[in-house]
Amino acid sequence: MSSISRQCRLAMGAALSLAFVATATPVFADDIQDWQREIVKQIIKTHIYPRSAIAREIEGSAKVQVSIDRSGKILSFEITEPSGEDQLDKVIPKMMEKLDPLPAPPASLPDGNLTFVIPIAWRLQ
């Protein structure tokens, strides 16, 4: 796994955990954490770092609000916090297309939590 992927994984995993575990009952927290890990794995696989941004040493981070259905299909997404770098922001729709569908959420996850924020980071080392 590249250092870029490792950094993305850490940032996304922490934010996803905070977004869901706070509303989960302890009995089902493991199911939700497992689901979150599957989402993080999928994000890492579909992460796009434009070569032109790498060549220019452009880094950034963005936040994307995603709504899914019970099967994991992405119903909508919105960039709630752009990176401020056009080269990075332009790949977000393509990343969302590659992510669809996400893993199906566990039955223990309340319907109100089918909309969540995914942080995306582009970092060079």
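Computed from a predicted model, the values in this text were never measured in an experiment. (Residues numbered from 1 in each chain as written. Predicted model: local features only at pLDDT ≥ 70, side-chain atom pairs only at ≥ 80, totals over all residues. Heavy atoms only, no water.)

Colleague: Any chance you could explain unusual backbone geometry here in plain terms?
Modeller: Most peptide bonds adopt trans geometry, and most residues besides glycine take a negative phi value. In this structure, the amide linkage connecting Asp100 to the following residue, Pro101, adopts the cis form with an omega of 0°. Even without a glycine there, the phi angle at Glu57 is positive, about 55°. By secondary structure assignment, the location of Glu57 is in the loop between α3 (51-55) and β1 (60-68). Look at Glu57 and you get exposed, because its relative accessible area is 63%. (Helix = DSSP H or I, 4+ residues; strand = E, 2+ residues; numbered from the N terminus. Buried < 20%, exposed > 50% of the residue type's maximum accessible area, 1.4 Å probe, protein only.)

Colleague: Would you mind showing me how to read the confidence of the model for the protein here?
Modeller: Caution is warranted with low-pLDDT regions, since their predicted coordinates should not be read in detail. Averaged over every residue, the pLDDT of the protein is 83; the share at 70 or more is 78%. Every residue in residues 20-24 scores below 50 in pLDDT, and together they form twelve contacts with partners more than four places removed in sequence or on other chains. (pLDDT = per-residue confidence, 0-100. Contact = heavy atoms within 4.5 Å.)

Colleague: Would you mind going over the pattern of salt bridges with me for this structure?
Modeller: Pairing between side chains of opposite charge can happen when the charged atoms of each approach one another. Using the criterion set out here, one finds four salt bridges in the structure. With a closest N to O distance of 3.4 Å, Glu38 and Lys41 form a salt bridge. One end of the pair, Glu38, and the other, Lys41, are both in helix α2 (residues 29-46), three residues apart, so they sit about a helical turn from each other. Looking at Glu38, the relative accessible area reads 38%, which means it is partly exposed. On the basis of relative accessibility, which here comes to 45%, the residue Lys41 falls in the partly exposed class. With its nearest N and O atoms 3.6 Å apart, the salt bridge here joins Lys73 to Asp100. Highlighted residues: Lys73 in the loop between β1 and β2 (74-81) and Asp100 in the loop between α5 (92-99) and β3 (115-122), separated in sequence by 27 residues. The exposure class assigned to Lys73 is partly exposed, which follows from its relative accessible area of 41%. (Salt bridge = Lys/Arg side-chain N within 4 Å of Asp/Glu carboxyl O.)

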